[in-house]
Amino acid sequence: MTLPAQVTYAMGYGLVGRAALWRQRRREERGIRARWQREQDGVVAPPLLASARMKELMSRHYLQARYATGVRKVAWVTSGAPVEILQALDFLLVYPENHAALCGARRKAVDMCVEAEHAGYSRDLCSYARTDIGTALSGKAPVTRIPKPDLLFCCTNICQTVLYWYRVLAHHFEVPLVVVDTPFLFEAAQPHQVDYVKQQIEAAIPIAERVAGRQLPFPRLRQIVASSKQASELWLAVLNRAQHRPAPISAFDGFINMGPIVDLRGEPETVRFYETLLAEVDQRIAAGIGAVRNERLRVLWDNLPIWYRIGWLSGLLATRGVSIVASDYTYAWGELAPMMDPDRPIESAAQVYLHPILNRSTGEKLRSMRRMVQDFHCDGVILHSDRSCKPYSLGQIAQRDRLANDVGVPSFLLEADHSDSRAFSEEQAGNRLEAFVELMEMRQ
Amino acid sequence: MSGPHVAAIGVDAGSTTCKVVAVTAEGGVAGWRLERGLPRVEEQTALLLDDLLRDHPVATGRVPIVATGYGRRLVRRAERAVTEITCHARGVFHATGHGGTLLDVGGQDSKVIQIGPDGRVVDFAMNDKCAAGTGRFLEHTAARLDVPLEELGPRSCAARREQAISSTCTVFAESEIISLLAHGVPVDGILRGLHRSLVSRLVAMVRTLGVRPPVTLSGGVAQNSAVRAMLTEELGVEVRVPAHPQLMGALGAALLALGPPGNGTA
Amino acid sequence: MQIPTRAEVIGAARQRGDRIAGVLPIHYPRALLRAHGAQPIEIWAPPRQDPTAGNALFQAYACAVVRHGAALLLDGPGRDVDLVLVPHTCDALQGLGSVLLDFVRPPQPVLTLYHPRGRRPADRSFLERELRRLGERLAEITGRHPADADLHAALDTEEDANDRLARLFRHRDIVSLSDREFYALVRSREFLPAETFIELADAALPHEDAGTRAVPHDDRPRVRLMLSGIVPEPMSIFDAIDAMGARIVADDLACGSRRLYQRTRGADPYLRLAASLMSGPPDPTLGAPIAERADHLTRRMRESGARGLLVYDVKFCEPELFDLPQLRQHLSAHQLQMLHVEFEPAATIAQQTLNRIEAFVEMLQ
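Residues numbered from 1 in each chain as written. Chains lettered and ligands numbered in written order. Predicted model: local features only at pLDDT ≥ 70, side-chain atom pairs only at ≥ 80, totals over all residues. Heavy atoms only, no water.

Visitor: Any chance you could explain helix α12 (residues 268-287) of chain A here in plain terms?
Guide: It helps to recall that an α-helix has 3.6 residues per turn; residues three or four apart then point in one direction. Look at α12 of chain A: 29 Å from first C-alpha to last across 20 residues, which is about the 28 Å you get at 1.5 Å a residue. When α12 of chain A is considered as a whole, its buried residues turn out to be Thr270, Val271, Phe273, Tyr274, Leu277, Leu278, Glu280, Val281, Arg284 and Ile285 of chain A. (Helix = DSSP H or I, 4+ residues; strand = E, 2+ residues; numbered from the N terminus. Expected span 1.5 Å × (residues − 1). Buried < 20%, exposed > 50% of the residue type's maximum accessible area, 1.4 Å probe, protein only.)

So, in structure tokens, the structure goes:
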């Protein structure tokens, strides 16, 4: 560790950055409160007050990342990876998927994708991967500067694409790549699959320790798992509150506020954040406030969001009284909370990380969607056919068919991409959504 | 009727236009023909060849002919068929005297060719699946806007504002343009935006291969002053256009027919 | 050299009381199926199969291996197989396996096999147990319970066939077959019983005791290419390459060299099976590091005198597409060229594809 880097970290992040972000949060909260005063007739409720705190936490995380080189060891990790061991070793975690989603939301993803395409990466590849590879190769920082990794940590429970993508990164950065390969659950998980994941996590420890230059402290690991469990339970509770009529929060609130549960899971501040968020959601329920003012129709959203059109989609639907009350994507980070066991951190991790929705069968996903349609009292289902995400999208045609015909709930496939706006046609999507709304209205 | 004798002929049977070029033994252009491509490739090329040879007699006996382009295998009188990549490289190298990066934008396809210091192809990339990166894109939308082809470039250059076209597909772009016109956006601004879309796609293709100056532009679209200006602007290097940009393929084929070694064929 | 047709192989298998297994790409334990009396017939994006039934189940951005494969099973000759095996090769085949199991629910049992993406001890022990699980399912379905000796014998035979395949590739230059004939023979491994393949391969291979090297059947100067990708369809691609004055002298196809498993030893047949499946050349679907692939390809190109690598890919293949830019860089540093083209399986090859390949061949002359 070089002294200047430590100093910059302490000053830039510790002293100046954190204070600046705190002030920014206060400003945002004031702004949100003012909107609540003013906007009595808007179709959508003003943002949650807690979202200002979410931004502060996420910005702090990215600010730490910015100054991390030379101060902390950096690990780039996939969104479904068993990161607790890395957190316990005090790695600074970077989630390229989250960074890509941010780029998508800020409409900067296409520029980075183009950089990757110029380097020869096909447009048919996942837009998260192209955004990330384009950022790494070009050295540009459209949203924020990401530090180079000391370690790459990839878990295949979300897709195989991350395996190919992280191999590219490993070749480019010339750093160790740890793969935790989670067998796909065509059926219920079997002992040899659980053993395999457990062995891989155990084998990852000495590699991570070598890079970190320290030994894994098990008490800290248990603490982190306990915190993760708590945060996940709170997140699940927050999402489940949307079962209420009217739903106090929408799936858009979920997409916006999911950052901490994905990127900062395991930190005590994340637990406190979701406690605050839950309390605010309960206040809305008590006051009869819905995310959509005149909620008439409730919808389940399947698959990733369309990051660059969240506002547009929310507005278009809200003007017709349609609230997207549930998302199986945000739910994924809450529903596994019961499996987490701080007393058996590695054994339970093997189970937890085998079971995210993306690692479960297409039949299981249909069962989940049916359950959510029921629990959240949904009048329709929008299945985002995300061309970047095969594990999520393949199977949707059959799932839609069952939902529409067996369950009897109007469902339709919306062709788009989660980050690459070139694969999205606003006219087409808008038309189809309006027709879908009319269909739901007719069935009421 | 008299003049330098024809030693070889190149035929470029493209899908949009059909071209023949006759060269002397020294490689100078003795004569050429160009006309709109017709479906009956064999017939058309035969007529063009006969017409050319009537005006430009051959030196001795049978003249060697090499065919290139989409319909090259249908030119029965050709002794050999060679791809337009190899032929364009050869033609441009001869016409300009140097290698570098060649961007050829035709009616139905566009290609980037890295030409080595000896006129050989070093690398290439093609866009032949999507009209949005070809002359067809401009032609089609110009027709819809009722603007003559030769006015496209000048009017785009002169436009005061540029209207961005977001659609990546020719068909969707058309709907977008109709909508823009309905909202009163001036035609010239739309034209400029269309040119920008085309040029962006071309630049992406060039960047994928890597820019190695000097950069040459050939093909029918090379005559469009706006495309040339925008390419220069976006690539950051001067973009040169040879004297007869549409004839580069046929010229290259003719030079290959002449047959000296090191011309890219076995 | 007459290669039996799939229909003939299926007829013969049924006659001897065996079952037919429709198998999707890429890696699977042939010996395990054969030992249980199941003849594997592989399904590699057959171009003549109308994909409509597959298109109805899977979005356009799913590759043709999935869409044509699904159509063959639902609507084509695949309807008559006795069981289906879908190895977990990639996200697309994961989708196919899962949709077949949970939604289509065909009358035949659908089996899956998860390949560990590494070669660590944990991967090996997982694969061994995964193969045992597959063996148990096969026993349930077929009623056969092969002893260890039967498994060993089946594996020995498959390894003999692999050995022939390896020799065919190694001796490509002096095997008197055109590229099309050569690949018809190579690809017959996709459906022929190993014993039959061995006979045909022996007939085509130069005799070891011939003393002098056989004369290559074609001594025109040809541009020497290495062919990489998943599967070369339609097979007329080889006629086209031949007409362009080029020849395939080295192979990196998933249906070809990427399944050249090494010989194995040991008392436990399942450990042997696992070791075998983990012994092939670098394969992106199994997580091989890019540097290993790059070194392997470069070495093979040097050995065979190939100057250009033709990567001929089915469209939408992620494991193929991610590796290409870095592979190209590596090859370029060794003065080797690469062309990547994509295709959709159909009766004919797109002119644009042929054009690119031809320009590539001209460039290498």
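Visitor: Quick question: what am I supposed to make of the pattern of salt bridges here?
Guide: In a structure, side chains of opposite charge can pair up when their charged atoms sit close to one another. Scanning all chains against the criterion turns up 87 salt bridges over all chains. Residue Arg72 of chain A is joined to Asp90 of chain A by a salt bridge in which the shortest nitrogen-to-oxygen separation is 3.4 Å. Here the residue Arg72 of chain A occupies a position in the loop between α2 (50-67) and β1 (74-77), and Asp90 of chain A occupies one in the loop between α3 (84-88) and β2 (92-94), the gap between them amounting to 18 residues. Judged by its relative accessible area of 29%, Asp90 of chain A is partly exposed. For Arg73 of chain B, the salt bridge identified is with Glu358 of chain C, shortest N-O distance 2.6 Å. With Arg73 of chain B in the loop between β4 (65-68) and β5 (80-81) and Glu358 of chain C in helix α14 (residues 351-364), the pair connects residues from two separate chains. The network of salt bridges with shared partners includes Arg25, Arg26, Glu29, Arg53, Glu56, Arg60 and Glu269 of chain A. (Salt bridge = Lys/Arg side-chain N within 4 Å of Asp/Glu carboxyl O.)

Visitor: Looking at this structure, I do not really get the interface of chain A and chain C. What am I missing?
Guide: Between chain A and chain C, the contact holds 55 residues from the first and 51 residues from the second. Carbon and sulfur atoms make up 60% of the area that chain A and chain C hide from each other, which totals about 4500 Å². If you look at where chain A meets chain C, you find 5 salt bridges. Residue Asp195 of chain A pairs with Arg129 of chain C through a salt bridge whose shortest N-O separation is 2.9 Å. On the surface where chain A and chain C come into contact, there are 26 residue pairs in polar contact (both at pLDDT 80 or more). Looking at the side of chain A that touches chain C, its residues break down into 23 nonpolar, 21 polar and 11 charged. (Contact = heavy atoms within 4.5 Å. Buried area = accessible area lost by both parts, 1.4 Å probe. Polar contact = N/O pair within 3.5 Å; in protein donor to acceptor, adjacent residues only side chain to side chain. Nonpolar A, V, L, I, M, F, W, Y, C, P; charged D, E, K, R; others polar.)

Visitor: Is there a simple way to think about the pairing of strand β5 (residues 297-302) of chain A in this case?
Guide: Each regular strand shows side chains that alternate between the opposite faces of the sheet. Residue and element names in this part refer to chain A. Of all 6 residues making up β5, 6 are buried, and the element is well covered by its neighbours. Going residue by residue along β5, you find Leu297, Val299 and Trp301 tucked away on one face and Arg298, Leu300 and Asp302 tucked away on the opposite face as well. Across 5 bridges, β5 lies against strand β6 (residues 322-327) in parallel orientation. Paired with Leu297 across the bridge in β6 is Val322. Of the strand pairs in this sheet, β5 and strand β7 (residues 380-386) are connected by 4 bridges, and their pairing is parallel. Within β7, the position partnered with Leu300 by the bridge is Val381. (Pairing = 2+ DSSP bridges.)

Visitor: Is there a simple way to explain the nonpolar core in this structure?
Guide: Note on soluble globular proteins: their nonpolar side chains tend to be buried together. Core analysis: the biggest nonpolar cluster contains 271 residues, and Leu86, Phe91 and Ile382 of chain A, Phe124 of chain B together with Tyr183 of chain C have the highest contact counts within it. In contact with Ile382 of chain A, not counting residues within four places along its chain, are Val299, Leu300, Trp301, Asp302, Leu317, Ile324, Phe412, Leu414, Leu433 and Phe436 of chain A. By size, the runner-up hydrophobic cluster in this structure holds 35 residues, among which are Val147, Met205, Leu209 and Leu235 of chain B. (Core = buried A, V, L, I, M, F, W, Y, C linked by side-chain atoms within 4.5 Å.)

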